[in-house]
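Residue-level structural notes
What follows is the residue order along each chain.
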Amino acid sequence: MSIAVATPITGFATVPWIDRGFSEEARLLRDWTVEVAKFSRSIVLEKPMRELQDALDAACVAAQEKNWDGMGSAPVEPSTYTYASQFLQIFPANALPPDISVDTDGELLFEWDRGPRQTFSVSVGRDGTLTFAGLLGYRKVHGTEHFREALPLVIADWIQDVSARATNGANG
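The model shown is predicted, which means the values in this text are computed figures rather than measured ones.

We now examine the packing of aromatic side chains. Two numbers describe a pair of aromatic rings. These are the distance of the centres and the angle of the planes. This structure, assessed with the given rule, holds 8 aromatic pairs. Note on F87 and F110: the rings are 4.6 Å apart at their centroids and 40° apart in plane angle, and the pair reads as tilted. With F87 in helix 3 (residues 78-89) and F110 in strand 4 (residues 108-113), the pair connects residues that are 23 residues apart, well separated along the chain. Owing to a relative accessible area of 1%, F87 belongs among the buried residues under this scheme. For F110, a relative accessible area of 0% corresponds to the buried category. Judged by centre distance (6.0 Å) and plane angle (5°), the rings of F91 and W112 are stacked. Taken as a pair, F91 in the loop between helix 3 and strand 3 (99-102) and W112 in strand 4 lie far apart in primary sequence, 21 residues in all. Here F91 matches W112 in class, with each residue buried. Feature note: the residues Y83, F87, F91, F110, W112, F120, F132, F147 and W158 constitute an aromatic cluster, connected by ring pairs.

So, how was this worked out
Residues numbered from 1 in each chain as written. Predicted model: local features only at pLDDT ≥ 70, side-chain atom pairs only at ≥ 80, totals over all residues. Heavy atoms only, no water. Phe/Tyr/Trp six-rings, centres within 6.5 Å; stacked < 30°, edge-to-face > 60°. Helix = DSSP H or I, 4+ residues; strand = E, 2+ residues; numbered from the N terminus. Buried < 20%, exposed > 50% of the residue type's maximum accessible area, 1.4 Å probe, protein only.

As structure tokens, this is what we get:
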């Protein structure tokens, strides 16, 4: 059984978000998770998520054609958009919003640049590969993870840390 988390966008179609649960409990949990992800009853949470999704959609629409920037850049592929949209669906609600852009290789980039030595970025690839790098004070991280059913813990932790530092005004 699978579920689809679909957000309309010109030129892109989403593919089903696959889970591995078959029991009645799995179905109930899946239904609840999809409903919570929509933030359908919360104006406070729905607006920022809608704004992030709109920014993602705009970036993808602007980069649909090969050489979209006049510098030979690759277009965003539908699978890249799908993974990036799913990334937003499970994005930590209390985290600061990232800047969203398209890399020259067609990957979607989520970036938190909150000042000197307070930066973190995640690049979403067409096959669900998440490439990340960050600098907080004197802490450094970089690596790759494959996007599956949940946000990899190292990425979730760094998003929370860069958000907390920026919110608290902490310096390296």
